[in-house]
Amino acid sequence: MLIGIFSELDAPGGIQRAGRHIAAVLTEFATSRSMECRLFSLNDSPELHHLSVGDREFVFTGCERAKARFAATAMRNARRHAKLVIAGHPNLAPVTQTMRLAAPRMKTIICTHGIEVWEPLSPVRRRSLRRANLVLAPSQSTAEHVINQQKVKRERVRVLPWALDPEFETILPAASKTPPPSSFPSGRVVLTVGRWLASERYKGMDTLITSLPRLLPRWPELQVAMIGEGDDRDWLEELADKSGVRSHVHFLSGLSYAQLASCYAACEIFALPSHAEGFGLVYLEAMACGKPVIGGAHGGAPEVIVDGVTGYLVQYGDVDQLSTSIETLLSEPALARDMGARGCERVEHQFRFTVFAKALKKILREQCES
C-alpha cells in the first residue's frame, strides 16, 4: 500500500494544487504496480472526494480538521503493510514518524513548498523532517533552506519543481478569444495575482502601486490589475489613495480558472516582485500565456524566470528598478513579445505536468525498490 497525507486538497491555493498533483501521480503509480493507494486530508470535509488532474482521477477522504481522527486513520492504514507514505506539507512530518511505529520499514517522503521552511520549524517537526527518507523542495532555494535552517542532510533533499496545472493547459487555447471580466481595466495592463494578506506583504504588490507615480506621466493609460482575495485589500486601497493612483489600481476577486486565464491573456505584463516565493506557480501561468514576467530576485523565482530572457528579476522593494523594468517592456513591445515567447517555450519544455509526473514516479520507484 502507498499512503498520501495532506493538509488540504479540495481548495484554492498553490500548495493545495501541488498536493493534488502529487495525489494524482501517487494514485497512478500505485495502479501501475497493482498496489492500493489511500489518500487522506486533514482539513477537507469528511466525505469521500473524487478529484482529477487532467485525465488522472484520484479519491481521498477528509477528516474535517479532526487531528486525532486524522492521525488514527493514518496509523490504521500504516498497519496494513504500508510501503511508503508521502506527506504534502512539513507540518505533517510528525504524523509520518508516528506511522512508523506501526510500519517500521515504511519509507517516508515529506514535501516542502517555501516560506514555511525558511525559518526553523518547531523541534518536533524539525526532528521528524530530519528522519524522513527524502525531503522534496520545489526549488534549489527552498532546498537550501531545508538543509541550512532545518538541518536536514543534503543527500536526503531532492528538488522537484512544480508544474503548470493540466486544467490551465486545457483552457489556454480559448483564453485569448475570451473577453476578461467586465471589471478588468482597458489600456496597457500590468497584472499581478496573489493573496491580499498582511502576512504576505512580502509579495511586493505595494511596490507595484508605488511605482505608478513614476510611470503614469509617460504612460497615462497604464493600469494595474490585482487578482486575489484577503483582508489586506483595504491597506492596498489606502496606499493607492495616498499615492494618488487609486483610479489606476483595480481589484478582482472570485474569478474562475477560465476567467483568470483570460486576464493573463489580456494583460501586457505580469509582475509579482516578491521577496519570498518558494517557487511561484503564477509565473508559470503567465509565461504559458506568452507574457513577459517580472519577479523578485529572491527565493525560487530566479529558477523560473530567466533574467533578461523571459522577463526581469528585481530587488524586493526597489521601486526604481521595478519602474525601469516595466518602462522597458512598455516602450519595446517587440522585446516584450520575444520574452513572452521564450517564457512559453520554457514552460513547454521544463514545467509541464508530464515532466513533473515522470520525475515524481522515478522518485517513488527508487524509494519503493530501495
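I will try to describe carefully the structure that is included in this document. Note that the structure is predicted; figures quoted are calculated from it, not measured.

Criteria and cut-off values
- Residues numbered from 1 in each chain as written.
- Predicted model: local features only at pLDDT ≥ 70, side-chain atom pairs only at ≥ 80, totals over all residues.
- Heavy atoms only, no water.
- Core = buried A, V, L, I, M, F, W, Y, C linked by side-chain atoms within 4.5 Å.
- Buried < 20%, exposed > 50% of the residue type's maximum accessible area, 1.4 Å probe, protein only.
- Helix = DSSP H or I, 4+ residues; strand = E, 2+ residues; numbered from the N terminus.
- Contact = heavy atoms within 4.5 Å.
- Patch = residues over 30% accessible without salt bridge, like charges linked within 9 Å, V, L, I, M, F, W, Y side chains within 5 Å.
- Areas by Shrake-Rupley, 256 points an atom, 1.4 Å probe, with all protein chains shown as cover.
- Salt bridge = Lys/Arg side-chain N within 4 Å of Asp/Glu carboxyl O.
- Lys, Arg positive; Asp, Glu negative; His and termini not counted.
- Charge placed at Lys NZ, Arg CZ, Asp CG, Glu CD.
- Axes fitted to C-alpha atoms, helices over the stretch in contact; angles between N-to-C directions.
- Parallel < 35°, antiparallel > 145°, perpendicular 65-115°, else oblique.
- Left-handed = near helix turned anticlockwise from the far one by under 90°.
- Nonpolar A, V, L, I, M, F, W, Y, C, P; charged D, E, K, R; others polar.
- Pairing = 2+ DSSP bridges.
- Expected span 1.5 Å × (residues − 1).
- Arc of directions from axis to C-beta.

1. Description of the nonpolar core
Counting 66 residues, the largest nonpolar core has Leu 191, Tyr 264 and Phe 270 as the members making the most contacts within it. Among the elements that line this core, the one with the most residues is helix 10 (residues 281-288), at seven residues. Setting aside residues no more than four positions away along its own chain, Phe 270 makes contact with Leu 191, Thr 192, Val 193, Tyr 264, Val 282, Tyr 283, Ala 286, Pro 292, Val 293 and Ile 294. Core analysis: the second largest hydrophobic core is formed by 33 residues, Val 95, Val 146, Ile 147 and Val 157 among them.

2. Details of a positive patch on the surface
Taken together, Arg 127, Arg 130, Arg 131 and Lys 151 make up a surface patch of like positive charges. By the element assignment, Arg 131 lies in helix 4 (residues 123-131). Note on Arg 131: relative accessible area 48%, which makes it partly exposed.

3. Digging into the side chain of Gln 150
For Gln 150, the position within the fold is in the loop between helix 5 (140-149) and strand 8 (157-159). Judged by relative accessible area, which is 0%, Gln 150 ranks as buried. Those residues in contact with Gln 150 that sit more than four places away from it in its chain are Val 117, Glu 119, Pro 120, Leu 121, Arg 126, Leu 129, Arg 130 and His 145.

4. Here's the deal with the packing of helix 6 (residues 166-175) against helix 9 (residues 257-266)
The interhelical angle for the contact between helix 6 and helix 9, taken along N-to-C directions, is 55 degrees, at an axis separation of 9 Å. With respect to each other, helix 6 and helix 9 are oriented oblique. Once helix 6 is placed against helix 9, the crossing between them reads as right-handed. Counting all contacts with helix 6, which are made through Glu 167, Phe 168, Ile 171 and Ala 175, the residues of helix 9 involved are Tyr 257, Ala 258, Ala 261, Ser 262, Tyr 264 and Ala 265. Looking at the contact of helix 6 with helix 9, its residues break down into eight nonpolar, one polar and one charged.

5. A word on the sheet that holds strand 12 (residues 269-272)
Within the open sheet, the six strands sit side by side as 11-10-9-12-13-14. Their pairing is parallel. Each of the sheet's edge strands pairs with one partner strand only, and the pair in question is strand 11 (249-252) and strand 14 (311-314). Between one strand axis and the next, the sheet turns by 20 degrees as a mean value, whatever way the strands run. Alignment of strand 10 (residues 222-227) against strand 11, held across four bridges, turns out to be parallel. The partner of Ala 225 across the bridge, within strand 11, is His 250. Contacts from helix 9 reach strand 9 (188-193), strand 10, strand 11 and strand 12 within the one sheet, and its direction differs from that of strand 9 by about 140 degrees. Helix-sheet contacts for helix 11 (residues 319-331) involve strand 9, strand 10, strand 12, strand 13 (293-296) and strand 14, and the interaxial angle to strand 14 is about 170 degrees.

6. Concerning the packing of helix 1 (residues 14-32) against helix 13 (residues 353-369)
Remark: helix 1 packs on helix 13, axes separated minimally by 10 Å, with the N-to-C direction vectors making an angle of 55 degrees. As far as their axial angle goes, helix 13 and helix 1 are oblique. As helix 1 packs across helix 13, the resulting crossing turns out to be right-handed. Contact residues: helix 1 offers His 21, Ile 22, Val 25, Leu 26, Glu 28 and Phe 29, while helix 13 offers Phe 353, Phe 356, Ala 357, Leu 360, Lys 361, Leu 364, Arg 365 and Cys 368. Taken together, the residues of the contact of helix 1 with helix 13 break down into 10 nonpolar, one polar and three charged.

7. A word on helix 11
Under the 1.5 Å per step criterion, the end-to-end length of helix 11 is 18 Å for 13 residues, consistent within 8% with the ideal 18 Å. Listed in full, the buried residues belonging to helix 11 are Val 319, Leu 322, Ser 323, Ser 325, Ile 326, Leu 329 and Leu 330. What you see down the axis of helix 11 is that its buried residues fit within an arc of 160 degrees, all on one side.

8. A word on the pattern of salt bridges
If you walk through the whole model with that rule in mind, you get 22 salt bridges. A salt bridge links Lys 361 to Glu 28; the shortest N-O distance between them is 2.8 Å. With Lys 361 in helix 13 and Glu 28 in helix 1, this residue pair connects regions lying 333 residues apart in the sequence. Classification of Lys 361 by relative accessible area gives partly exposed; the value is 24%. Judged by relative accessible area, Glu 28 falls into the partly exposed class, the value being 28%. One salt bridge in this structure joins Arg 188 and Glu 268, with 2.5 Å as the shortest N-O distance. Within this pair, whereas Arg 188 is found in strand 9, its partner Glu 268 is found in the loop between helix 9 and strand 12, the two being separated by 80 residues in sequence. Owing to a relative accessible area of 18%, Arg 188 belongs among the buried residues under this scheme. Through salt bridges that share partners, Glu 28, Asp 55, Arg 56 and Lys 361 make up one connected network.

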